[in-house]
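A structural walkthrough
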Amino acid sequence: NAGVTQTPKFRILKIGQSMTLQCTQDMNHNYMYWYRQDPGMGLKLIYYSVGAGITDKGEVPNGYNVSRSTTEDFPLRLELAAPSQTSVYFCASSYSSGEETQYFGPGTRLLVL
Amino acid sequence: KNEVEQSPQNLTAQEGEFITINCSYSVGISALHWLQQHPGGGIVSLFMLSSGKKKHGRLIATINIQEKHSSLHITASHPRDSAVYICAEYSGGGADGLTFGKGTHLIIQP
């Protein structure tokens with residue numbers, strides 16, 4: 001039981017490049033989330049999903065896209081990387097809403113230069 | 001939108017001391033989470049509570065709904081407790097995620 005896995009662990013992008021951050025969970029959780037963590041700030045919600053085929057915007061969705069074709073996978077797409085997207089990205093999952101424990105992946109550190 | 005405030009931002013203590021980290025929020029909530037972020041960056045859920053008190057080992061979490069306040073206590077602190085402790089709230093009514101505080105950076109010196 002691997003829990004929540006994320007790839008890559010670290011990536012450097014040039015301005016304008018695109019990439020996909022991968023997230024997979026093996027706990028059969030319905031809810032999945034993408035957060036970003038900036039230095040000195042609390043984690044902020046980018047996108048979330050309540051099940052396969054259903055996604056919605058969080059607090060800071062601009063510059064990102066998501067899809068949820070299966071229960072297990074919830075990739076985050078950056079289309080035109082900007083320095084403001086330099087951050088640590090965490091994927092999380094839970095069986096149900098915020099009244100359930102959230103399980104976090106190890107994070108992806110992204111640097112946009 | 002709920003605001004989550006944590007205090008202190010930074011705390012350095014000696015091994016064995018009793019530690020208290022505070023969390024306050026502005027709007028009524030459905031659930032309050034305490035999480036631990038290790039020096040390596042990983043985040044682990046410690047507690048999720050909506051009322052009263054929960055205990056796990058040397059960790060105790062309490063919540064006062066009327067005062068919109070929660071505390072995390074660590075008894076007999078140890079250097080391995082050194083981490084960032086994060087408070088987060090869920091206001092309910094939807095499927096969106098948690099609102100997080102900025103965290104308390106705790107260092108326990110031997």
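Structural notes, computed from the coordinates.

Each value, and the rule that gives it
- Residues numbered from 1 in each chain as written.
- Chains lettered and ligands numbered in written order.
- Predicted model: local features only at pLDDT ≥ 70, side-chain atom pairs only at ≥ 80, totals over all residues.
- Heavy atoms only, no water.
- Contact = heavy atoms within 4.5 Å.
- Buried area = accessible area lost by both parts, 1.4 Å probe.
- Salt bridge = Lys/Arg side-chain N within 4 Å of Asp/Glu carboxyl O.
- Polar contact = N/O pair within 3.5 Å; in protein donor to acceptor, adjacent residues only side chain to side chain.
- Helix = DSSP H or I, 4+ residues; strand = E, 2+ residues; numbered from the N terminus.
- Nonpolar A, V, L, I, M, F, W, Y, C, P; charged D, E, K, R; others polar.
- Buried < 20%, exposed > 50% of the residue type's maximum accessible area, 1.4 Å probe, protein only.

**Details of the interface of chain B and chain A**
Across the boundary between the two partners, chain B contributes 20 residues, which contact 20 residues of chain A. Counting the surface lost from both chain B and chain A, the interface buries some 1600 Å², and carbon and sulfur atoms represent 64% of this. Our count for the chain B to chain A interface comes out at 0 salt bridges. Linking chain B to chain A there are 4 residue pairs in polar contact (both at pLDDT 80 or more). Of all the elements in the fold, those that place two or more residues in the side of chain B that touches chain A are β4 (31-37), β5 (43-49) and β9 (83-90) of chain B. When grouped by side-chain class, the residues that make up the side of chain B that touches chain A number 9 nonpolar, 8 polar and 3 charged.

**Thoughts on the environment of A:Ser67**
All names here are of chain A. Tracing the backbone through its elements, the reader meets Ser 67 in the loop between β7 (64-66) and β8 (76-78). Note on Ser 67: relative accessible area 37%, which makes it partly exposed. It is 7.3 Å that separates the C-alpha atoms of Ser 67 and Gly 53, two residues lying 14 residues apart in sequence.

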